[in-house]
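So the chains spell out like this:
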Amino acid sequence: MITVEEHLERILAQIEPVDAVTLPVPRTLGMVTTADVLSQAELPRFDNSSMDGYAVRRADLEGASAEHPVMLPVVADIAAGDPASQPLAPGQVMRIMTGAPVPPGADTVVRLEDTDGHEREPQFRTQPEEGANIRRAGEDVRPGDLLVPRRTRIGPAQIAVLVSAGVHEVEVVGPVRVAVLSTGDELVPVGEPVGPGQIVDSNGPMLEALVREAGAEVVHVGRLGDVEGQTTRQINARLEDADLIITTGGVSKGAFDIVKKVLTGQGSMEFVEVAMQPGKPQGFGVLGRRHVPVFTLPGNPVSALVSFEVFVRPALESRGGRRVSQHTATGLATESWSSASDRRTYTRVRVSRDSGGAYAVTPAGGPGSHLLGGLAQADALAVSDPETVEVSAGSEVDLILLRPRREIEGRLEDESTQEAGQS
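Residues numbered from 1 in each chain as written. Predicted model: local features only at pLDDT ≥ 70, side-chain atom pairs only at ≥ 80, totals over all residues. Heavy atoms only, no water.

Our working rule: UniProt positions are given in the numbering used here, feature names are shortened, and annotations may be inferred rather than shown by experiment.
As named in an unreviewed UniProt entry, the chain is Molybdopterin molybdenumtransferase, taken from Ornithinimicrobium pratense. Per UniProt, the comment on the chain under Catalytic activity (unreviewed entry) is "adenylyl-molybdopterin + molybdate = Mo-molybdopterin + AMP + H(+)". Of the comments in the UniProt record for the chain, the one headed Function (unreviewed entry) reads "Catalyzes the insertion of molybdate into adenylated molybdopterin with the concomitant release of AMP."

Here it is as structure tokens:
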């Protein structure tokens, strides 16, 4: 057997980002830039008011105070979006709104709060510093300034900055298109009658959801029977339209493990036993003229989920140009549970809080990789090393989160509120 680290290292060494594409900025959410993106405009684009108030010539307010206010006539109103082409003459003021352009001739904006707010002849009770309450053109960003560095994942904030600064399109690592193939004559599609000896194909929908959650596109979800020719044709077809392929089942040592049989010797494909529980039988290789990564995962649903989190998710991140990481945390075991002595063990756990506010974790469901019942309640995978034969109550364990941390925190807050209401 090889270690988890050895298998993951071999996978990531063969993963390359998909080809770059140029897309309109609003369509690049979640994608990664391939080059530095520079500003095409200055921000703000023009001098504008940061307050509701009055645009003035500061010299006209000489000596203004609460005891000796200065009164000046309002000659115009300027709202956000107005061109503000009319110049401000000496001895005049213009009423101005937040974000509105400062008129030519004005050098200061007086806040509404520093006046009596009169619409036509306000009293000014202060003489601000020159330039007060004015956002100057280009004080934030100038043309050519770096907005988004290379290898940045674009989020809503980056989209706002880019479009504001005149960037209409950006080159990004293209979307990762994924094909999911479940194998086995015993599988029945969701919604169809289940006969004797048959089971519902839960791996297909589960992996489709995991892929989407990871930010990739699902281009095909299908099933493969235990027939060599069909399996070969389906995989070859997906090598032409997908950027990554995931199969489940058919990779162990059984007589009907067709996936392993048809892919052995193809490309860089290797089938190995990884020192992990669940998920020991694994296969990976890069195949076809487009060098498509192919993952062959075990068929048990829990094994498939754990394998996805440990191996496929990092590969999807790398394929999409993102920096590889895992959603990790730590928690304290609320009870003891056994761990495989020669393998890294991933135990499904439910997260709660201990008396000190730290995460506390309890096993969710039984240890078998075929046991699905507890999976829906699991918030994380608790990771124990091969040297650990038993996780003792009160010990700290590393966690791979299966849900967003904010979602877990929200549930814990709700539970705390309910408990407080019952006490």
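**A short note on the pairing of strand β20 (residues 281–287)**
Going by this rule: Whether a residue is buried, partly exposed or exposed follows from its accessible area with a 1.4 Å probe, protein chains only, as a fraction of its type maximum: under 20%, in between, or over 50%, in that order. Numbering of helices and strands runs from the N terminus; a helix is a DSSP stretch of H or I covering at least four residues, while a strand is a stretch of E covering at least two. Should DSSP find at least two bridges between two strands, the strands are taken to pair.
Of all the seven residues making up β20, six are buried; the element is thus mostly covered by neighbouring parts of the structure. Pairing analysis gives four bridges linking strand β18 (residues 270–273) to β20, with the strands arranged antiparallel. Bridge pairing in β20 places Glu273 opposite Pro281. Where β20 lies against strand β21 (residues 292–297), five bridges are found, and the strand directions are antiparallel. By the bridge assignment for β21, Gly283 is matched with Thr296.

**What about the packing of helix α1 (residues 4–13) against helix α6 (residues 301–319)?**
Formally: The convention used is that axes are lines fitted to C-alpha atoms, helices contributing only their stretch in contact, and that angles between N-to-C directions extend from 0 to 180 degrees. When describing relative orientation, an angle under 35 degrees is termed roughly parallel and one over 145 degrees roughly antiparallel, while 65 to 115 degrees is termed roughly perpendicular and anything else oblique. Rotating anticlockwise by less than a right angle from the far helix to the near helix defines a left-handed crossing, while the corresponding clockwise rotation defines a right-handed one. Contacts between residues were defined by any pair of non-hydrogen atoms, one from each residue, lying within 4.5 Å. Classification used: nonpolar for Ala, Val, Leu, Ile, Met, Phe, Trp, Tyr, Cys and Pro, charged for Asp, Glu, Lys and Arg, polar for all others including Gly.
It is at 10 Å that the axes of α1 and α6 come closest, and there the two elements cross at 25°. Comparing the axis directions of α1 and α6 gives the class roughly parallel. Crossing angle aside, the handedness with which α1 passes α6 is right-handed. Contact with α1, carried on its side by Val4, His7, Leu8, Ile11 and Leu12, involves Val310, Phe311, Pro314, Ala315 and Ser318 of α6 and no other residues of that element. Class assignment for the residues of the contact of α1 with α6 results in eight nonpolar, two polar and no charged.

**Things to note about a nonpolar patch on the surface**
Here is the rule: Residues qualify for a patch when their relative accessible area is over 30% and they have no salt bridge, like charges being joined within 9 Å and the nonpolar side chains of Val, Leu, Ile, Met, Phe, Trp and Tyr within 5 Å. Exposure was quantified through the Shrake-Rupley algorithm and a 1.4 Å probe, taking into account, for residues, occlusion by the shown protein chains and nothing else. Only one rule defines a salt bridge in this text: a Lys or Arg side-chain nitrogen within 4 Å of an Asp or Glu carboxyl oxygen.
Taken together, Val190, Val194 and Val200 make up a surface patch of nonpolar side chains, about 250 Å² in accessible area. Mapped onto the elements of the fold, Val190 is located in the loop between β14 (187–188) and β15 (199–200). The exposure class assigned to Val190 is exposed, which follows from its relative accessible area of 60%.

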